[in-house]
Structures are given as C-alpha cells and as structure tokens.
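Coordinate inspection notes
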Amino acid sequence: MCSGIYVLNTRDLPDLLRDLKQPDWFIKILQEEVREARRELITFTDLLLVVNYKGKLPDEEVYEAFQTVDTDETGTLSKEELRRVLCDHGKYPLSEKEFQTVFNLIDNNHSDGVSLREFMQMWKIGRQGKKL
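A brief look at the structure comes next. (Residues numbered from 1 in each chain as written. Predicted model: local features only at pLDDT ≥ 70, side-chain atom pairs only at ≥ 80, totals over all residues. Heavy atoms only, no water.)

1. Comments concerning the packing of aromatic side chains
- The tally for this structure, following the rule as stated, stands at 2 aromatic pairs.
- Ring geometry for F66 and F119: centres 5.4 Å apart, planes at 65°, overall edge-to-face. On the criterion of sequence distance, the pair formed by F66 in helix α4 (residues 60-69) and F119 in helix α7 (residues 116-127) is long-range, its members being 53 residues apart. Each member of the pair, F66 as well as F119, carries the same accessibility label: buried.
- Seen in terms of ring centroids, F99 and F103 are 6.1 Å apart; in terms of plane orientation they differ by 35°. Their pairing is tilted. With a gap of 4 residues between them, F99 and F103 both fall in helix α6 (residues 96-106), about one helical turn apart.
- Given a relative accessible area of 0%, F103 falls into the buried group. (Phe/Tyr/Trp six-rings, centres within 6.5 Å; stacked < 30°, edge-to-face > 60°. Helix = DSSP H or I, 4+ residues; strand = E, 2+ residues; numbered from the N terminus. Buried < 20%, exposed > 50% of the residue type's maximum accessible area, 1.4 Å probe, protein only.)

So this is what it looks like as structure tokens:
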C-alpha cells in the first residue's frame with residue numbers, strides 16, 4: 001500500500017488475472033500493454049479498469065488466428081509469417097513493395113514484427129471493411 005492506494009507490481013499481474021479466471025489471450029494483451037507503457041506498478045483502480053476493458057476486445061477467435069499464424073511461437077508475427085497469410089495463402093496478391101507498405105502500417109511501433117495487439121487492430125479494420 002502506498003499513500004492509501006493499493007498497488008501491484010506488474011510482474012504479478014498475469015498470476016492475479018489467472019486467479020480471476022481471465023483467458024490467456026487477454027492476459028497476453030495486457031502484458032504487452034504494460035510492457036509498452038513501461039509501468040512497474042499498477043493501482044487497484046487501474047486493475048479494475050483493465051479487467052472491465054476486456055469486453056471491448058475481440059473474442060478468442062482472433063487470438064487463436066494469431067497463434068495459428070505465429071508458427072515459430074514467439075508471440076510476434078515476422079514479416080514472413082504475415083506474408084504467408086496475406087499473400088501466399090490469402091486472397092491479397094501483393095507485390096513486395098505493397099506488402100512492405102501494409103506491414104509498416106500494421107507494425108505501429110516499428111518493431112519489425114506484428115504483436116498480438118497490432119494483429120487485433122488489423123483484424124478489427126478488416127472486419128469493418130476499412131482500407132489500411
């Protein structure tokens with residue numbers, strides 16, 4: 001407890017969320033969000049907001065699709081993995097230049113890989129029929 005506010009170390013967040021029966025796909029997204037925010041502590045109030053945020057996320061179908069595409073099981077889609085889905089097995093015949101443009105749009109943090117969160121954003125755009 002810090003100044004009357006309950007805080008948790010973010011390293012403990014996955015175990016706590018598992019205890020709260022949260023699905024693995026949701027825990028992975030939150031871990032990524034925490035990592036990107038570079039936070040070491042989270043308040044109890046923030047935790048409640050995070051758990052309530054779950055209803056705004058895509059369903060487990062998206063997580064399962066991500067796992068299927070992530071053939072090397074790194075938790076990040078490489079260019080090759082995404083190319084295989086979009087170009088080789090997908091319905092989007094893209095030139096190398098077009099693919100690179102699409103990849104750069106999806107890879108929001110320019111990490112040279114597509115995270116689960118970025119994949120979910122792409123999925124959501126695709127479901128809404130919007131163009132990247």
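The structure having been displayed, the exposition proceeds.
2. A short note on the pattern of salt bridges
- Here the structure, examined in full by the defined rule, presents 3 salt bridges.
- The salt bridge involving D15 is made with R18; its shortest N-O contact spans 3.4 Å. In this pair, D15 and R18 both sit in helix α1 (residues 13-19), 3 residues apart, roughly one turn of the helix.
- We classify R18 as partly exposed; its relative accessible area is 41%. (Salt bridge = Lys/Arg side-chain N within 4 Å of Asp/Glu carboxyl O.)

3. Things to note about the side chain of E81
- Along the chain, the position of E81 falls in helix α5 (residues 79-88).
- Buried within the structure, E81 lacks any salt-bridge partner; its nearest side chain of opposite charge belongs to R84, at an N-O separation of 4.7 Å.
- Of note is the side chain of E81, whose polar atom sits 2.9 Å from the backbone nitrogen of T71.
- A distance of 2.9 Å separates the side chain of E81 from the backbone nitrogen of S78, its partner in a polar contact.
- Contacts of E81, omitting those with residues within four sequence positions, involve V69, D70, T71, D72 and T76. (Lys, Arg positive; Asp, Glu negative; His and termini not counted. Polar contact = N/O pair within 3.5 Å; in protein donor to acceptor, adjacent residues only side chain to side chain. Contact = heavy atoms within 4.5 Å.)

4. As for the nonpolar core
- In terms of nonpolar packing, the biggest core is built from 26 residues, with L77, L82, V114 and F119 touching the most fellow members.
- If you list the elements that add at least two residues to this core, you get α1, α2 (24-37), α4, α5, α6 and α7.
- Broken down by element, the residue count for this core peaks at 6 residues, all from α2.
- Every residue in contact with L82, bar those within four places of it in the chain, is listed here: L77, F99, F103, I106, V114 and M122. (Core = buried A, V, L, I, M, F, W, Y, C linked by side-chain atoms within 4.5 Å.)

All quantities given are derived from atomic positions and should not be read as evidence of function.
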